[in-house]
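Summary of structural features
These are the residues of each chain, in order.
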Amino acid sequence: MSDVSKEKKLIRAPDDLVSKLNEAANRQGKTFYSYLTEILEQAVRAYEMKRSLKEIIDHFEILEVHEKAGAISIPREVLDRIINKAYHEDGGVLQQIWSQTGRWYGTYLNSKFDDAVEALSRLLKEGRWDLNEVTVKRNKEQVELRCVSTLLSEERSILLEKFVEGAMHSMGYKAEEGECFRGIIRLRFSRRA
Amino acid sequence: MKNTYLKRKMLAARSDLADRISEIAVRRGTLYDYVNDILEQAIRADSMGLNLSEVLDDMWVLKAARGAGLTFVSEKLLYDLVEKAYRRLGKKELQDLWYETGQWYGRYYSDLDKFEETTKKLLTEISDLKISKDDKDRLSLTCLSSKFTEAYTELFSKFLEGVLDALGYVKDGGEVAKGMINLRFRKLKGL
């Protein structure tokens, strides 16, 4: 009886990638063949999840930003209730703290990604901010950012606006214009001289 | 000029996998480009210190987080908010909020093992969470986090009580101190 899992077929790949894979396999103490098998298995698995390996790794890369920033998961309802209570008396302080947190994220994104604005947009889209839509339009030195959410409270919308302003500030942009309503944030930035 | 066409190698791959990859590649473009993309991502994952298999295993966690309505917030910011709210609103209101939220999660997961497994994966600030059955009606819960403040530990213990309440258990003693929750529960009669 033939054992399909032991039969082999040849596939072509760029030489430079093969060398890098070989190094990685050695580092991980695996044979090249078993390492390649593992990679191909995961590529098929990703396809069956209706994702590509790139999408999955991109997603992990973005969520890692939260991890580096020391962000933690919390039920949305709890966060909204505490913010709502604290905001009445400490709104200004909270805005300042959110802005400072944004600056940290902006600095980190700037150092880790080639295109920090694009990374911020991905972070907002995929980083569990409860946003339904994030759009970024760029025109030379200007960036227009729009976030829409059906879940964000008014207070959390304002705080997210401050966070984004803080992040963009660290990336070298200043806010020119902005609007913020419950669940809708629209900001226009221009590059600082 | 660099000619990448001259720099290709043939790799021996498991036959069934090579066939499957070829099938998928047909829908995406050429086999060569698809293999190229896969290998590039594998190298990228390696350079990020990620294990591809583990990354794909953890995809369910991300789905679970979305489903459970979890959002991210800076840890320091959250603990700060909690301390402020604790002073201003008093313990009772916040403890009730955490307890009720816990009840929601208990009903959402409706299974102790699933709750334990998901919580360990999602709440990375927790160093350890262990729920063990002492006998058929009693269980012990230990939750440790070096990051929790005193107020947050108290609230999180209420959250856990809420979860266990929804799963049919009532608190039967224990202790809560900064970063450490040790609770005992017994099954409610009739459940």
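Residues numbered from 1 in each chain as written. Chains lettered and ligands numbered in written order. Predicted model: local features only at pLDDT ≥ 70, side-chain atom pairs only at ≥ 80, totals over all residues.

All names here are of chain A. Two elements, strand 4 (residues 142-148) and strand 6 (residues 184-191), share seven bridges in a ladder whose sense is antiparallel. In the strand pairing of strand 6, cysteine 147 is matched with isoleucine 185. With eight bridges joining them, strand 5 (residues 173-181) and strand 6 adopt antiparallel strand pairing. Bridge pairing in strand 6 places tyrosine 173 opposite arginine 191. Joining the antiparallel neighbours strand 5 and strand 6 is a turn of two residues, in which glycine 183 adopts a positive phi near 80°. (Pairing = 2+ DSSP bridges. Helix = DSSP H or I, 4+ residues; strand = E, 2+ residues; numbered from the N terminus.)

Our focus in this paragraph is the interface of chain A and chain B. Taken together, the contacts link 63 residues of chain A with 60 residues of chain B. Within the residue set of the side of chain A that touches chain B, elements represented by two or more residues are strand 1 (8-14), helix 1 (15-27), helix 2 (32-48), helix 3 (53-68), strand 2 (71-75) and helix 4 (76-112) of chain A. Strand direction decides the pairing type here: strand 1 of chain A and strand 1 (residues 8-14) of chain B, joined by seven bridges, are antiparallel. In the sheet register, lysine 8 of chain A faces strand 1 of chain B, and the bridge partner there is arginine 14 of chain B. (Contact = placed C-beta atoms within 7 Å.)

Attention now goes to the pairing of strand 5 (residues 169-177) of chain B. Residue and element names in this part refer to chain B. Pairing geometry for strand 5 and strand 6 (residues 180-187), over seven bridges, is antiparallel. Of the residues in strand 6, the one forming a bridge with glycine 174 is leucine 183. The hairpin turn running from strand 5 into strand 6, its antiparallel successor, is two residues long, and glycine 179 in that turn takes a positive phi close to 80°.

Residue and element names in this part refer to chain B. A sheet is described by the order of its strands in space; here four strands give the open sequence 3-4-6-5, paired in antiparallel fashion. On the outer flanks of this sheet lie strand 3 (128-133) and strand 5, each paired with one strand and no other. Each neighbouring strand pair of the sheet contributes to a mean axis angle of 15°, computed without reference to strand direction. Relative to strand 4 (residues 138-144), strand 3 runs antiparallel, the two sharing six bridges. From the neighbouring strand, leucine 129 faces strand 4, where its bridge partner is cysteine 143. On the sheet, helix 8 (residues 150-166) packs against strand 4, strand 5 and strand 6 and is oriented at approximately 20° with respect to strand 6. (Axes fitted to C-alpha atoms, helices over the stretch in contact; angles between N-to-C directions.)

Take the domain arrangement of chain B next. Splitting chain B by domain gives domain 1 (14-57) and domain 2 (74-187). Its C-alpha centre places domain 1 of chain B at a distance of 41 Å from the equivalent point of domain 2 of chain B. (Domains from an automatic or database assignment.)

Axes are the key here: two packed helices are described by the angle between their axes and the distance separating the axes. Contact geometry for helix 2 of chain A and helix 2 (residues 31-47) of chain B: axes closest at 10 Å, N-to-C directions at 110°. Between helix 2 of chain A and helix 2 of chain B, the angle falls in the class roughly perpendicular. In contact with Ile39, Leu40 and Ala43 of chain A of helix 2 of chain A, helix 2 of chain B contributes Ile38, Leu39 and Ala42 of chain B. Considering only residue class, the contact of helix 2 of chain A with helix 2 of chain B consists of six nonpolar, no polar and no charged. (Parallel < 35°, antiparallel > 145°, perpendicular 65-115°, else oblique. Nonpolar A, V, L, I, M, F, W, Y, C, P; charged D, E, K, R; others polar.)

Below, the discussion takes up the environment of glycine 106 of chain A. Mapped onto the fold, glycine 106 of chain A is located in helix 4. Separated by 25 residues in sequence, glycine 106 of chain A and arginine 81 of chain A have C-alpha atoms that sit 27 Å apart.

The next point concerns the sheet that holds strand 4 of chain A. Residues and elements named next belong to chain A. One open sheet accounts for four strands, arranged 3-4-6-5; its pairing is antiparallel. Because the sheet does not close on itself, it has two edges, and the strands there are strand 3 (133-139) and strand 5. Neighbour-to-neighbour, the strand axes of this sheet turn through a mean angle of 10°, independent of strand direction. Along the sheet, helix 5 (residues 116-126) contacts strand 3 and strand 4; its crossing angle with strand 3, the most-contacted strand, is approximately 165°.

Turning our eyes to something else, we now look at the environment of isoleucine 62 of chain A. Residue and element names in this part refer to chain A. Here isoleucine 62 shows up in helix 3. For isoleucine 62, a count of 19 C-beta atoms within 10 Å gives the class partly exposed. Between the C-alpha atoms of isoleucine 62 and alanine 119, which are 57 residues apart in sequence, the distance is 7.5 Å. Not counting residues up to four positions away in its chain, the partners in contact with isoleucine 62 are Arg122, Leu123, Glu126 and Gly127. (Buried ≥ 20, exposed ≤ 12 C-beta atoms within 10 Å, placed from the backbone.)

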